[in-house]
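# What the coordinates show
So the chains spell out like this:
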Amino acid sequence: MELVPLASAEEIASLVADIVELAVTRDPGTVLGLATGSTPLPTYQELIRRHRAGSGPSWDGVTTFNLDEYVGLPPGHEQSYLATIRRELTDDLGIEPARVHGPDAAEAGLPTAGERYEAAIEAAGGVDLQILGIGTNGHLAFNEQGSSLGSPTRIKTLTAQTRLDNARFFGSPDEVPRHVLTQGIGTILRARHLVLIATGAGKAEAVAAAVEGPVSASCPASMLQLHPHATVLVDEAAASRLERLSYYAEVYAAKPGWQAH
Ligand code: F6R
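Residues numbered from 1 in each chain as written. Predicted model: local features only at pLDDT ≥ 70, side-chain atom pairs only at ≥ 80, totals over all residues. Heavy atoms only, no water.

## A short note on the packing of aromatic side chains
- Under the definition given, this model contains six aromatic pairs.
- Ring geometry for Phe65 against Tyr117: centres 5.7 Å apart, planes inclined by 70°, an arrangement best described as edge-to-face. Here Tyr117 lies in helix 4 (residues 110–123) and Phe65 lies in strand 3 (residues 63–66), a separation of 52 residues in the sequence.
- Under the relative-accessibility criterion, Tyr117 is labelled buried at 4%. (Phe/Tyr/Trp six-rings, centres within 6.5 Å; stacked < 30°, edge-to-face > 60°. Helix = DSSP H or I, 4+ residues; strand = E, 2+ residues; numbered from the N terminus. Buried < 20%, exposed > 50% of the residue type's maximum accessible area, 1.4 Å probe, protein only.)

What follows is the structure, encoded as structure tokens:
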């Protein structure tokens with residue numbers, strides 16, 4: 001795992017935008033895995049800014065898969081994660097809606113939605129680059145504490161903490177759906193490169209547990225320790241509970257120029 005300690009969310013956004021653009025430049029058919037929530041927004045805004053400035057790659061051949069989706073929202077609800085990712089990123093990059101995927105939360109198809117999503121990811125050739133955030137309780141996508149480290153896409157029940165954390169997007173915690181469809185830990189582990197972003201003091205404890213704690217279903221994000229190519233980018237506040245922070249900073253400062261992220 002590579003731990004990249006940076007000064008601010010802006011620096012992280014710039015570096016993650018570089019990583020994403022490099023992947024798309026190298027392979028115009030890149031399959032991107034996308035997180036929603038607040039954390040990746042500066043990165044998405046930076047990608048859009050570069051695209052508008054004409055300095056980014058072509059996005060025409062890129063396919064995207066969201067990590068997760070709320071269950072029980074009316075079709076077209078503005079807080080659905082598919083609507084969110086189109087509004088916050090893919091529409092502005094000009095990625096056709098048919099190439100932008102999320103788990104299908106329509107009620108009638110729920111029993112097979114996980115299987116169908118796994119099949120769609122596989123048919124696209126798997127996720128090349130997966131952007132991730134982390135929950136204050138260490139959740140990854142919507143794999144809450146106790147989720148199997150081998151899990152596929154399936155329905156999950158959000159914890160009270162996660163519903164409280166996400167209430168800012170809704171009128172109140174009660175309006176946050178209780179159920180979600182989420183890529184499993186096993187699904188995420190199959191992506192070729194994982195890029196986790198954590199910013200702000202509220203994530204410091206979860207980051208320390210994920211990076212320096214034991215690999216455990218009690219901290220689903222600790223599964224990153226099992227992945228052969230995981231990059232974790234933290235700002236100063238999110239890094240504040242890391243015991244080996246000075247070592248990570250030393251490694252990053254001494255990183256050979258030829259070594260890509
Ligand atoms: C979102 C997702 C979640 C968020 C996490 C952090 O698609 O899968 O795991 O990444 O809840 O959310 P923010 O970034 O809003 O703090």
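## Some thoughts on the sheet that holds strand 1 (residues 2–5)
- Pairing in this open sheet of seven strands is parallel, and the strands run 1-10-9-6-2-3-5 from one edge to the other. Only two strands of the sheet have a single partner each, and these edge strands are strand 1 and strand 5 (100–101).
- Examined bridge by bridge, strand 6 (residues 129–132) and strand 9 (residues 193–198) share four bridges and lie parallel to one another. Pairing of Leu129 across the sheet is with His193, part of strand 9. (Pairing = 2+ DSSP bridges.)

## Here's the deal with the nonpolar core
- Grouped together as the largest cluster of nonpolar side chains are 60 residues, with contacts concentrated most on Val20, Trp59, Leu140 and Leu224.
- It is helix 1 (residues 9–26) that contributes the most residues to this core, seven residues altogether.
- Residues within four places of Val20 in sequence aside, it is in contact with Leu32, Leu47, Trp59, Leu129 and Ile131.
- If you look at the next biggest cluster of nonpolar residues, it comprises nine residues, including Tyr70, Tyr81, Val176 and Val180. (Core = buried A, V, L, I, M, F, W, Y, C linked by side-chain atoms within 4.5 Å. Contact = heavy atoms within 4.5 Å.)

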